[in-house]
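Here is how the chains run, residue by residue.
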Amino acid sequence: MDEARWDRIAQLLDEIEMTYFVNIAFPNDGDLFHDERDDHVGVSLSTFIGYFGNALLIYEEQTLDRIVRYFKPYNSQIEASYGFTIDEALRFFLHVRKINNDKLNAIVNPYTNTFSRYANNPEEWQKLTQKFIDRGVTDPREWLFQPELSELLETMQTNPGEIYIHLKEELFNVDIVPDHLQRLVGFFTYDEKALEGRTIYYADKHYFELNPLIQFGDKCICLDKFLIEGLYFRIDEALQKDEAIGKKYKQHKDDAFEDKVVELFRRFFPEKTKIFTNYCVDGVAENDLLVVYNDTCIVVEIKDCGFRPPFRDPIKAYSRIKRDYENAIQLGYEQCKRVEDVLMAGKDVDILDADNKRKVLYCLKNKNIGDVWSIVVTDFKYGQIQTNLGSLLQKDEEALYPWSVCVDDLEALFLLMRKMLKGLAPARFVEFLDYRERLQEWVLCADELEICGWYLCDRNQFKEYADKDITICTTPNMAVVFDAYYHIGLGFKNELDIEYKKHYTLPDYPNHFELNEMTGEKIRGMNNVIQNTKN
C-alpha cells in the first residue's frame, strides 16, 4: 500500500458515497418533484445514510447483555451447531480485548508518562530544553530526537494498527477446550476467497465486520468491537432462521427485551414509584408498562420489530421504511394513546391484570393524575425518523408527540442522569420529557444521545430553544458527555475495566454549544437564491 494507491481508494470511496447521495436525493434527473415525493425522498435519504453510514453506536456492555439474555437458553443448540459455547465465545472476546488493551497501554503509556511529567512541571521542561540548547541543538524541531524524549518519539512513530496485531500463540493462549477454540477461531476468521467473483455493494453488510479475525503468517489481526458484534448478529440471525426453534427464540427474545426495559425503569425510579407490567386500563387491550411517579404517569410500549435495509430507489425505499415504522413506532404510539385517553378522561382508573381482567391491581384516583407522557422503546435505532417524529408519525393535530428511543440510548441516559443528578434524576427526566416533546418537528438529529447530552450539559439552553420555533441541528459534541463519564464508569452492570476506571479522573467535555439554527425564513431565503441563480 503506497500513498498513491491509498489516495485512489479514498477517491473511489468518496465517489461511491456521493453517487449514492445524488441518486437517492435527486432521482428526478437532478431536479425536485415539487410534490409530496420530495418529503419521501428526504425520509429515504436520511434513513439510508443512517442505516449504512453509521457504526453501531452502543457500548460493548450492551451487546454483551443482549448475548447473555438472548442466547444463554439456547446454549446447547449453539454448541451443537458451532462447536463452542456462549461462555467460551465471551471468554475469547474478553481475552482479545485484554491483549489489545495491554498493547495499547504498552505503546501509549511511555508517551503519556513523559508528556505528563513535563506538562505538569513546566520548570522541568525549561531545564530540559536548556540542556538541548547547551548541547548545541537549538532548533525545537530537533528536540524530539534527543535521547531524553526517545519514548515519546517511539510512540509517535508506532503504527496505530499495531494495537490489533498479535502473534497467533498469544491470541490463542486462552483457557478454552482446544477443539472449541479452533471452532471459535474458524467462526471469526476472514476468508479472503469468500467474496471472489461476487459484486460487493457499498451498502451491503460488511463481510469483515462479521468475520473480523485475519490470519497471516504467524500473526493475526483482531478488532474486539467487531468480534462481539459479529458474534451477536450472526448467531441471532441463525437462531431466527432455524426451522426447529426460530419461533420460540423470537418469542423468548421479545420477552427478554421487555424484561430489560422494565428493569431499566425499576432501577431508575425510586421504590415508592408504582410500576405495572402486562396491565389493562380499558378491559380489552393489553399494555406493556405503566410508571406512576408522584402525579406523573408514563405510558411505555416496547417494540422489538427490527428494520429492513432501505432500497436505493428512494420512492420504493419510502414505502418499505414507512411499513416498518408503522409496525414499530406508529403502533407503539397508538397503543400508548389509548392508555393516555383513559387516564385523561377525568375519571378514576382501575389498573387491571391483563391476564385476569377481573383482578384490579390498583385504583388510580383522578385527583392523583397530573401529566401523562408516552414513550415507545425500540430495540433498533431508526435514526432521524425516530429523533424527529414529525416526518412519519400519524397523530391528531392537538395530540402530544410521544418520545421514541432505542433501549440502548434510554439505558445510557438513565445511567448518566443517576450519575450526575443523584436523587434529582427522576424529576429531571420528567422535565426532559416535557421539553423533548416540544422539540419534535424542530430538530435535525441522527443520534438521540446528542439531544440527551445537550439537556444534561446545558439544561437552560435546551429549555430555551425547545420553546422556539427554530429547527435545531445537533452536533456529535453534545454526546461527548456520555463517553466522558464512561471513562470513569457509567454504571453498567458488569462494566468492563471498572477496576481501572475508578482510579481515573473525569475528562473535560463540552458543556455549552453554538447551535446551528435553520429557521424557515432562512430556508426560504436560500431557495430564492437557488431559484434566482437558475433563472
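## Some thoughts on the overall build of the protein chain
- Each helix and strand counted, the protein chain has 21 helices and 13 strands in total.
- If you line up the protein chain on its principal axes, its C-alpha atoms span 85 × 65 × 55 Å.
- If you take every contact in the protein chain between residues at least 6 apart in sequence, the share linking residues at least 24 apart comes to 71%.
- Carbon together with sulfur atoms contributes 49% to the accessible area of the protein chain, which is approximately 28,800 Å² in total.
- Placing the 65 positive and 93 negative side-chain charges of the protein chain at their respective mean positions leaves the two points 4 Å apart.

## Things to note about the packing of helix 1 (residues 3–25) against helix 2 (residues 36–53)
- Put simply, helix 1 and helix 2 touch, their axes get as near as 9 Å, and they point 155° apart. It follows from the interaxial angle that helix 1 and helix 2 lie roughly antiparallel. As helix 1 runs across helix 2, the sense of the crossing is right-handed. Seen from helix 1, the contacting residues are Tyr-20, Phe-21, Ile-24 and Ala-25; seen from helix 2, they are Val-41, Ser-44, Leu-45, Phe-48 and Ile-49.
- Here the contact of helix 1 with helix 2 is built from residues that sort into eight nonpolar, one polar and no charged.

## A look at the sheet that holds strand 2 (residues 213–216)
- Read from one edge of the open sheet, three strands run 1-3-2, paired in antiparallel fashion. On the outer flanks of this sheet lie strand 1 (165–167) and strand 2, each paired with one strand and no other. On average, adjacent strands in this sheet sit at an angle of 25° to one another, irrespective of strand direction.
- In this sheet, strand 3 (residues 219–222) lies alongside strand 1 in antiparallel orientation, the contact comprising three bridges. Within strand 3, the position partnered with Ile-165 by the bridge is Ile-221.

## Quick notes on the confidence of the model for the protein chain
- Across the protein chain, the average pLDDT comes to 92, with 96% of residues at or above 70.
- Counted against residues more than four places away or in other chains, residues 519–535, with its pLDDT under 50, gives three contacts.

## Brief notes about the environment of Gly-230
- Tracing the backbone shows Gly-230 in helix 11 (residues 224–241).
- Among the residues examined, Gly-230 registers a relative accessible area of 0% and is labelled buried.
- Measuring from C-alpha to C-alpha, the distance between Gly-230 and Gly-42 comes to 31 Å, with 188 residues separating the pair along the chain.

## Brief notes about the pattern of salt bridges
- This structure, assessed with the given rule, holds 31 salt bridges.
- Ionic pairing is found between Lys-98 and Asp-102, a salt bridge with its closest N-O pair at 2.8 Å. Here Lys-98 and its partner Asp-102 are both found in helix 5 (residues 86–119), four residues apart, which amounts to about one turn of the helix.
- On the accessibility criterion, Asp-102 (37% relative accessible area) is partly exposed.
- Close ionic contact of Lys-493 with Glu-263 constitutes a salt bridge, the shortest N to O distance being 3.1 Å. Taken as a pair, Lys-493 in the loop between helix 19 (480–486) and helix 20 (498–501) and Glu-263 in helix 12 (residues 246–268) lie far apart in primary sequence, 230 residues in all.

## Considering the packing of aromatic side chains
- For the coordinates displayed, the defined rule picks out 46 aromatic pairs.
- Consider the rings of Tyr-74 and Tyr-249, whose centres lie 5.5 Å apart with planes at 80°: the pair is edge-to-face. Here Tyr-74, found in the loop between helix 3 (60–71) and helix 4 (75–82), pairs with Tyr-249, found in helix 12; they are 175 residues apart in sequence, far enough to count as distant.
- The exposure class of Tyr-74 is buried, given its relative accessible area of 10%.

## Some details on the sheet that holds strand 4 (residues 274–280)
- With mixed pairing, seven strands are arranged side by side in an open sheet as 8-7-4-5-6-9-10. Every other strand in the sheet has two partners, leaving strand 8 (356–364) and strand 10 (403–406) as the edge strands with one partner each. Averaged over all pairs of adjacent strands, the angle between strand axes in this sheet comes to 35°, irrespective of strand direction.
- As paired elements, strand 4 and strand 5 (residues 287–293) share five bridges and run antiparallel to each other. Residue pairing for strand 5: Lys-274 is matched across the bridge by Val-292.
- Packed onto the sheet, helix 12 meets strand 4, strand 5, strand 6 (296–303) and strand 9 (372–378) and runs at close to 155° relative to strand 6.
- Its contacts with the sheet put helix 15 (residues 407–421) on strand 9 and strand 10, and the angle it makes with strand 10 is roughly 95°.

Analysis parameters
- Residues numbered from 1 in each chain as written.
- Predicted model: local features only at pLDDT ≥ 70, side-chain atom pairs only at ≥ 80, totals over all residues.
- Heavy atoms only, no water.
- Helix = DSSP H or I, 4+ residues; strand = E, 2+ residues; numbered from the N terminus.
- Contact = heavy atoms within 4.5 Å.
- Areas by Shrake-Rupley, 256 points an atom, 1.4 Å probe, with all protein chains shown as cover.
- Lys, Arg positive; Asp, Glu negative; His and termini not counted.
- Charge placed at Lys NZ, Arg CZ, Asp CG, Glu CD.
- Axes fitted to C-alpha atoms, helices over the stretch in contact; angles between N-to-C directions.
- Parallel < 35°, antiparallel > 145°, perpendicular 65-115°, else oblique.
- Left-handed = near helix turned anticlockwise from the far one by under 90°.
- Nonpolar A, V, L, I, M, F, W, Y, C, P; charged D, E, K, R; others polar.
- Pairing = 2+ DSSP bridges.
- pLDDT = per-residue confidence, 0-100.
- Buried < 20%, exposed > 50% of the residue type's maximum accessible area, 1.4 Å probe, protein only.
- Salt bridge = Lys/Arg side-chain N within 4 Å of Asp/Glu carboxyl O.
- Phe/Tyr/Trp six-rings, centres within 6.5 Å; stacked < 30°, edge-to-face > 60°.

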